[in-house]
Amino acid sequence: MKTNSLIKAAIVPICIIAILLFAVKDNSETSRSIENQQKLLTTSGAGKSMDAWAYERTYPNDRIPVSKYVAAFEMKKQQEALRSNSMPGEWESLGPENIGGRTLSLAFHPTDPNIIYAGTASGGLWKTTTQGVGREAWEYVPTGFPVLGVGAVAIDQNDPNIIIIGTGESYGSFAVEPGVISRFTRGTYGIGILKTTDGGTTWNQVLSFDEDELKGIRDIAISSQNSSEMYAATTDGIYQSLDGGNTWALIFTGPCFDVEVDPNDGDIIYWTRGNFNLALDPTFSGIYKSTDKGATNNELLDPGLIAAWSGTAKITIDPSDSNTLYASIQMLFVSGGTTPAGVYKSTNGGTSWSKINDQNIAQFQGWYSHDIAVNPADPTEIIYCGIDTYKSTDSGAVFAKESNWTLWAFGEISVDEPEGTDDYVHGDIHAVYYHPLVVDKVFYATDGGVFSSDDGGETFVTHNGGLQTGQFHPNVGSSTTNKNLIIAGAQDNATYIYRGTPSWFRVIGGDGMSAAINPEDDQIIFGSSQNLGIQRSTNGGTTFSNSAPVLVANDATAFLAPYEIAPSNANIMYAGGTYLYRSDDQGTPGSWSTTANQPVDGTNVLTKIAISPTNPDLLFVSANPVPFSGSTETPKVWKSTDGGQNFTVMNGLPERVCKDIDIDPTNNNVVYAVFSGFGTDHIYKTVDGGATWASIDNGLPDLPTNAVLVDPLNPDDIYVGNDVGVYYSEDAGNSWDPFSEALPEATIIMDLNHSPADRKIRIATHGHGVWERSYVNDFLSTSEFEINAANFTMYPNPADGAIAIRIESKVNSANVNLEVLSMLGQKVANIALDGIQNGVNTIPWRHRDTKSRFGSIKRAVVGLAG
């Protein structure tokens, strides 16, 4: 810990914010051309959110090297084991415990109906022993590996202690990961296949994906005839294991989505091939069958199936007749009306097919989320899912809509009772399952967690107690005066407010994006949806209304577009498209105008705005190309000293996407910037206002770095968040230590946020919700008084006008210097004292001009700098 001989008093807070983006490129000019064509067509919200994540991590290359992610995870474990100094405290979860994040797969125990495993998109593996019932129904299952996305879970039906999980989330053979400039290739790092033989206590990696590209496992099937025989559908193709999952061999190449084994004949295997790419080439898609365990295979295109499709295909085998197959074939980038896709049926093991239904159930999510299942007790009942869930009682001729995702609840989402009405299931359903041990019970894996139906898919209930898997975007808003007031936006899951209990409040629909709270009045709260859809509340978050700037003609925004409140003048806000917009009236409608008559950086969209803590006209912004737009622009960081009227480009920084910028609250010339991507350093610092920059990685892993935060009261204390966790430096970046105690073993950090009300540091994660922890060096520590003060207080507190500083000292001390700081670390005043006496000393001080220099002071907290 550091010491400091100055006595310091702290006064006013503010919240710090960050930002994210994402997208990925293909490895061939042909596929790049195809993807560019696709962007001109109608796509879904889920599609748009995927570009940014992959783009920022791959730029300027075409691949995400998973090997570096795995190496970074191992490096962090070694650093934690070798660290000599102990970090105080650990991270504590704030939830939300009642709102499930994106869930991809489920698996059911063969004899205990209450045990279910859930694979999530970036929150790892989870287990329930209550069928998901209860406020603490789900428990995170650590593996000892950097597991984020779990696309598939399979349990040996003869020995349920044997569990196989497939890692990584992907929807195409070229581009995967989560996103935000424009979202199209969402996913997460995949490290292959893991196996446990002791019910999840210990795990071994049995198929490694530690390669220089991002891959994922979509499905795993275990033969009911011989559980040693297993198959996995992956971005590479179909893998086979004949020894219980200990070793795997690739038996079919090409991106595959679904694999099924005939329950009555383990020699018969079916699988589907597909891609999110536009299927100009029929070899991109198909349904295949092997009658000899994959030694040979036949594509089942004729007769009856369409020749090619541009989305994904899911197949299911009728449990009562294994010769009867159903295929859900869905199209990508097809808008409105009936599409060539639909439900196909074969009654002769795939020899021939007929189209039995053309309802466009998956709609624009045909590449992303849909599934089909047949009731084992009644083969005429079929569940067909896409955006919502549908049911047929006539073998698929007609499907009736049973759920409505738009009925999700707003207001308080209680952890003690189900969310929404009995016809609500969260939109975008990835998988549907009839419970193998409970007749007519159906489970759903959705973008909003786990749901079930007790009546065969007609009414529904949520099962998200304890399933803390929310994927939060950067820019969390924390109140300066109320530690129990937080607002944050979640991917695919709206915007939420925390009010001190596990039951968070849903307040704004759509994809939840950046959020903020006015530092001088926490009744004024901002949330947003995609593409700069800013909403403003003037009653503490009870109601919201539009307050977004009206964009000028031909402007464009990032999917997660930035806006910020000036720390030193809460009336001033900035927001970004390609133009920079400013409001001098707290973001009220009609108060926005462009700061200049041209974009900041050509066609590049702004993705981060950082405002000086002391000067609302001093700005740094990050500008980046829109993925797949054909832009020849490069990512840049710009600086303005006149409120955005003019900008100067920052040289000496890496050609990578800048994710976050933080300005030293005590010195505007000291600025930190962090960068995504691979192959360069990721943390840069300037001490001359941006004239020169230097890397301060100093041993940090080569991994996308998403957030940086300077401790407002200890400006040499720097915190950064990257794709494996949090790191801390006590010497302004000269050295770094892991700072991830009590976090799940693999956690992507999206935002680092300062909570002034209780002096906590908060993180928003991509897959594990929101957490908080004390700073390493507290600003109040009597052990650091050179004068050996026994007591040090300030009153009134909060203060507005005059304060009195009271020091009870055990000794006489001469020449004491009292430095008054705001909660942001802004130097408010320097009070030189001739000395203090043994006993009680009272020092009055009136901050006459502080309001004009630092904004209205609403809170005073006394302490020493650490």
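Please read all numbers here as calculations on a predicted model, not as lab measurements.

Draft legend 1. Geometry of the overall build of the protein. In terms of regular secondary structure, the protein is built from five helices and 64 strands. Taking the intrachain contacts of the protein between residues at least 6 apart in sequence as the baseline, contacts between residues at least 24 apart amount to 59%.

Draft legend 2. Focus on helix H4 (residues 66-82). Here H4 is 17 residues long and its end C-alpha atoms lie 25 Å apart, about the 24 Å a rise of 1.5 Å per residue gives. Of the residues making up H4, those classed as buried are Val-66, Tyr-69, Val-70, Ala-72, Phe-73 and Lys-76. End-on, the buried residues of H4 take up no more than an arc of 155°, which puts them together on one face. Facing away from the buried side of H4 by more than 90 degrees, the exposed set consists of Gln-78, Ala-81 and Leu-82. Contacts from the buried residues of H4 go to strand S54 (726-729) and strand S55 (737-738).

Draft legend 3. Fine view of the sheet that holds strand S26 (residues 400-401). Judged by pairing direction, the sheet is antiparallel, and its four strands sit side by side in the order S23-S24-S25-S26 without closing on themselves. If you trace the sheet from one side to the other, it starts and ends with strand S23 (371-375) and S26, each paired once.

Draft legend 4. Highlighting the packing of aromatic side chains. All chains considered together, the criterion is met by 22 aromatic pairs. An angle of 85° between the planes, with centres 5.8 Å apart, marks the rings of Phe-675 and Tyr-684 as edge-to-face. The pair Phe-675 / Tyr-684 is uniform in exposure class, with both members buried. Measuring from centroid to centroid gives 5.4 Å for Tyr-719 and Phe-739, while their planes differ by 55°, and the two rings are tilted. Here Tyr-719, found in strand S53 (residues 718-722), pairs with Phe-739, found in the loop between S55 and strand S56 (749-755); they are 20 residues apart in sequence, far enough to count as distant. Neither residue differs from the other here; Tyr-719 and Phe-739 are each classed as buried. By way of ring pairs, the aromatic residues Trp-91, Tyr-719, Tyr-728, Phe-739 and Tyr-775 are connected into one cluster.

Draft legend 5. Quick peek at the sheet that holds strand S49 (residues 671-675). Pairing is antiparallel in the open sheet, where four strands are placed in the order S48-S49-S50-S51. Either end of the sheet is taken by a strand with one partner, and the two such strands are strand S48 (658-663) and strand S51 (694-695). As paired strands, strand S50 (residues 683-686) and S51 are joined by two bridges and run antiparallel to one another. Bridge pairing in S51 places Lys-685 opposite Ala-694.

Draft legend 6. Examining the side chain of Ser-547 more closely. Structurally, the position occupied by Ser-547 is in the loop between strand S39 (545-546) and strand S40 (563-565). Of the residues examined, Ser-547 reaches a relative accessible area of 1% and is grouped as buried. With residues up to four places along the chain from it excluded, the contact list for Ser-547 reads Phe-526, Ile-534, Gln-535, Arg-536, Gly-587, Pro-589 and Trp-592.

Draft legend 7. Examining the pattern of salt bridges more closely. Summed over all chains, the structure comprises 24 salt bridges. For Lys-68, the salt bridge identified is with Asp-702, shortest N-O distance 2.4 Å. Here Asp-702 lies in the loop between S51 and strand S52 (705-710) and Lys-68 lies in helix H4, a separation of 634 residues in the sequence. According to the relative accessible area criterion, Lys-68 is partly exposed, its value standing at 32%. Accessibility expressed as a relative area gives 22% for Asp-702, which makes it partly exposed. The closest approach of N and O atoms between Asp-416 and Arg-135, which form a salt bridge, is 3.3 Å.

Draft legend 8. Highlighting the environment of Asp-423. By the secondary structure assignment, Asp-423 is in the loop between strand S27 (411-412) and strand S28 (429-434). Excluding residues that lie within four positions of it along the chain, Asp-423 makes contacts with Glu-402, Ser-403, Asn-404, Leu-407 and Phe-460. A polar atom in the side chain of Asp-423 sits 2.4 Å from the side chain of Thr-421.

Draft legend 9. Molecular detail of the pairing of S53. Taken across its five residues, S53 has five buried, putting it largely inside the fold. Both faces of S53 are covered, namely the face carrying Ile-718, Val-720 and Asn-722 and the face carrying Tyr-719 and Gly-721. Sheet topology places S52 next to S53; five bridges connect them, and they run antiparallel. Bridge pairing links Leu-709 to Tyr-719 in S53. As paired elements, S53 and S54 share four bridges and run antiparallel to each other. By the bridge assignment for S54, Val-720 is matched with Tyr-727.

Draft legend 10. How the structure looks around unusual backbone geometry. The omega torsion of the bond from Gly-95 to Pro-96 falls at 0°, within 30 degrees of zero and hence cis. Even without being glycine, Asn-554 reaches a positive phi, approximately 70°. Secondary-structure assignment places Asn-554 in the loop between S39 and S40. Relative accessible area serves as the criterion here: at 81%, Asn-554 is assigned to the exposed category. Even without being a glycine, Ala-732 presents a positive backbone phi close to 60°. Take Ala-732: it is sitting in the loop between S54 and S55.

Draft legend 11. Quick peek at the pairing of strand S11 (residues 217-222). With respect to burial, S11 is a largely interior element, six of its six residues being buried. Strand direction decides the pairing type here: S11 and strand S12 (residues 230-234), joined by five bridges, are antiparallel. Residue pairing across strands places Ile-217 opposite Thr-234, the latter belonging to S12.

Draft legend 12. Up close: the confidence of the model for the protein. Looking at the protein, pLDDT values average 84 and 81% of them are 70 or higher. Within the model, pLDDT remains below 50 along residues 1-48, and this stretch shows 246 contacts once partners closer than five positions in the same chain are excluded. Across residues 780-790, confidence stays below pLDDT 50; counting only partners more than four residues off in sequence or on other chains, it has 30 contacts.

Draft legend 13. Structural context of the environment of Ile-429. If you trace the backbone, Ile-429 turns up in strand S28. Residues Ile-429 and Thr-389 lie 40 residues apart in sequence; the distance between their C-alpha atoms is 7.6 Å. When residues no more than four places from it in sequence are discounted, the contact partners of Ile-429 are Ser-369, His-370, Cys-385, Gly-386, Ile-387, Asp-388, Thr-389, Tyr-444, Ala-445 and Thr-446.

Draft legend 14. Molecular detail of the environment of Gln-131. Examined against the element boundaries, Gln-131 turns out to sit in the loop between strand S5 (125-128) and strand S6 (138-141). On a C-alpha basis, the gap between Gln-131 and Ile-115 in space is 6.1 Å, while along the polypeptide they are 16 residues apart. When sequence neighbours within four positions are dropped, the list of residues in contact with Gln-131 reads Pro-113, Asn-114, Ile-116, His-435, Val-438, Lys-441, Phe-443 and His-463. Polar contacts involving the side chain of Gln-131 include one to the main-chain carbonyl oxygen of Pro-113, which spans 3.5 Å.

Criteria and cut-off values
Residues numbered from 1 in each chain as written. Predicted model: local features only at pLDDT ≥ 70, side-chain atom pairs only at ≥ 80, totals over all residues. Heavy atoms only, no water. Helix = DSSP H or I, 4+ residues; strand = E, 2+ residues; numbered from the N terminus. Contact = heavy atoms within 4.5 Å. Expected span 1.5 Å × (residues − 1). Buried < 20%, exposed > 50% of the residue type's maximum accessible area, 1.4 Å probe, protein only. Arc of directions from axis to C-beta. Pairing = 2+ DSSP bridges. Phe/Tyr/Trp six-rings, centres within 6.5 Å; stacked < 30°, edge-to-face > 60°. Salt bridge = Lys/Arg side-chain N within 4 Å of Asp/Glu carboxyl O. Polar contact = N/O pair within 3.5 Å; in protein donor to acceptor, adjacent residues only side chain to side chain. pLDDT = per-residue confidence, 0-100.

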